[in-house]
Structure formats: C-alpha cells, structure tokens
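Per-entry structural report
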Amino acid sequence: MLLLRSTLFQVLFYAVTLIEMILFSPVMLLPRKWGWPIVPFWSRTLIWLMRVVAGLKVEIRGRENLPDGGYIAAMKHQSAWETVALIPLFASPTFILKRELRWIPIFGWYTAKYRQIPINRGKRSEALAAMMEAAKEAIAEERQIMIFPEGTRRPAGAEPKYKYGITHLYRDLKCPVVPIAHNAGLYWPRSSWKVYPGTVIVEILPPIEPGLTNDVFYEHLVETIETASDRLIEEARSAPNPSPVLKDVDAARQTAAEAVPSQ
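The following paragraphs examine the structure supplied in this document.

Thresholds applied
Residues numbered from 1 in each chain as written. Predicted model: local features only at pLDDT ≥ 70, side-chain atom pairs only at ≥ 80, totals over all residues. Heavy atoms only, no water. Buried < 20%, exposed > 50% of the residue type's maximum accessible area, 1.4 Å probe, protein only. Helix = DSSP H or I, 4+ residues; strand = E, 2+ residues; numbered from the N terminus. Right-handed = clockwise from strand over helix to strand, strands pointing away. Salt bridge = Lys/Arg side-chain N within 4 Å of Asp/Glu carboxyl O. Pairing = 2+ DSSP bridges.

The buried fraction of strand S3 (residues 93–98) is high, at five of six residues. A crossover links S3 with its parallel partner strand S4 (residues 117–119), the connecting element being helix H5 (residues 107–113), and its sense is right-handed.

Below, the discussion takes up the pattern of salt bridges. All chains considered together, the criterion is met by twelve salt bridges. Note that glutamate 141 is salt-bridged to arginine 115, the shortest N-O span being 2.8 Å. You can see glutamate 141 sitting in the loop between helix H6 (124–140) and strand S5 (144–147) and its partner arginine 115 sitting in the loop between H5 and S4, a full 26 residues away along the chain. Classification of glutamate 141 as partly exposed rests on a relative accessible area of 37%. Taking the relative accessible area as the measure of exposure, arginine 115 reaches 34% and is therefore partly exposed. In this structure, the salt-bridge partner of aspartate 230 is arginine 253, at a minimum N-O distance of 3.6 Å. Taken together, the positions of aspartate 230 in helix H8 (residues 214–235) and arginine 253 in helix H9 (residues 245–259) put the pair 23 residues apart, joining distant regions of the chain.

Before going further, it helps to examine the pairing of S5. Burial along S5 is two-sided: the face carrying Gln144 and Met146 and the face carrying Ile145 and Ile147 are both buried. Where strand S2 (residues 71–75) meets S5, four bridges bridge the pair, whose relative direction is parallel. Its bridge partner being in S5, isoleucine 72 is matched across the sheet by isoleucine 145. Of the strand pairs in this sheet, S3 and S5 are connected by three bridges, and their pairing is parallel. Among the inter-strand pairings, phenylalanine 95 is bridged to a residue of S5, identified as methionine 146.

Dropping the structure here:
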C-alpha cells in the first residue's frame, strides 16, 4: 500500500506540475507581481496531494519569527519537500538555485519570469559576484532570499556540511537571516520514491540580526538549525506510527560514533 500511494503521489506530483505550468503560461505576459499568486497556488495544490494521497501532513511553528520586508531564509535541506511546501510562507521569495534548472523546458521559463537567482557552480568567483548582485537587488525590493546553506540534500540526522558562502550574503546584505529547521527527510527521503505518512514539523527560529562576525554568525547558524532539526527528529519518535527512516538515522549515527577514534 505504501508503494502504491507513493507511486500515485509521484505521478500526480509531476503531472499536476506540468498541467499547471501549461495552463498558467499566459502569466508570462503579465507583470511579475500580478502573476505570482499561481506559484503559492501550485505549492498548496501539492501540499493537498501529499496529505490526501500520501498521508503526509505539515505543522508550522514560529510564524511570528518571520520579519517584514527583505531577509534571508536559511533552510535545512533533507528532501524535495521543502523546495515546494514552504513557498506559501513568504510574500515574494526568490530561490538561489543551480543554473542548470533554467534549462528545463517551461519550468526554466518560470524561474526566469519570477527572477529566481541562478548560480554557476563551475565558476566560483564569477558565480559569487553575480549571485551577490542579484541578492542585493532582491533585498532592495523587500524580497525573501531562500537558500539551502548545505548546498545539497543531506539525509535526516546526517553530519551537517554547511557551505561558508552564506556568511558572505549575511555580511554584505546586512539583513536578518531566519534559520528554518524541519524533519521532512524522515518522510520524503532524498533520492527516494517512497513518501511515508506522518507529519512534517517545520520550526521557524528567531532571526539572526546583522552585525555578527563571519565566524560567529556561521557557528551560530549551524548550531541553531542542527539543534532544532535533531530535536524535531527525536520528537518524531513519539508519533503514533514513527517513520521507518528513523532506523536509518540511528544506524548512521552508530556508524559515525564507531568511526571516531577512542581517546
């Protein structure tokens, strides 16, 4: 039954996305702000499908920690879930995403229309300069910059590998950074076809105000997100039907502990 529900959801996920992109394509002729409501509508459609088809719900905590205007939202990256389901939380978000996504037919047109920020990972210095220029424009327009500081999805409970680039954005943009933790990797693991029923818990943490040194900010950000994400993983153990992915989390932690040389 799990495989059947997961397969049905995955098929509907891509089918609905394609249908809505084609159906709403006339917004390409409208000003960006007028056409934007179709994006959170798409997100809410998929959230509904997750709940009805896959049995995956969501609980959002800490909405009061979202500031007004422009800021950076630094999110834990465990799953495809957060790339879709968190969009309605923000008034005018722009994702920092790899340039290759712009090449996807139709989808890439939307990323260009709504001025998402592409980055060329192959040219580090040039990419950083271009990203910074686009990010400054976004903050000036009071948009929210969505970034995954780890750069790529990591399994739930895995050792964190945060990139240092987030500190350059924090330093140069001089705006708040809102850490966001969650446990979505327990229910829609990376590179997995299966979507497990349960409740993804998202915790929006108090913003980190500008003014800290790079190192202090970096350490604070990592500790804040990881501490909250680990706590949400542990909280998921008390669910009526705990995710089987918790066994993988425990096995990975045991392996990591055994790899540490004894003193």
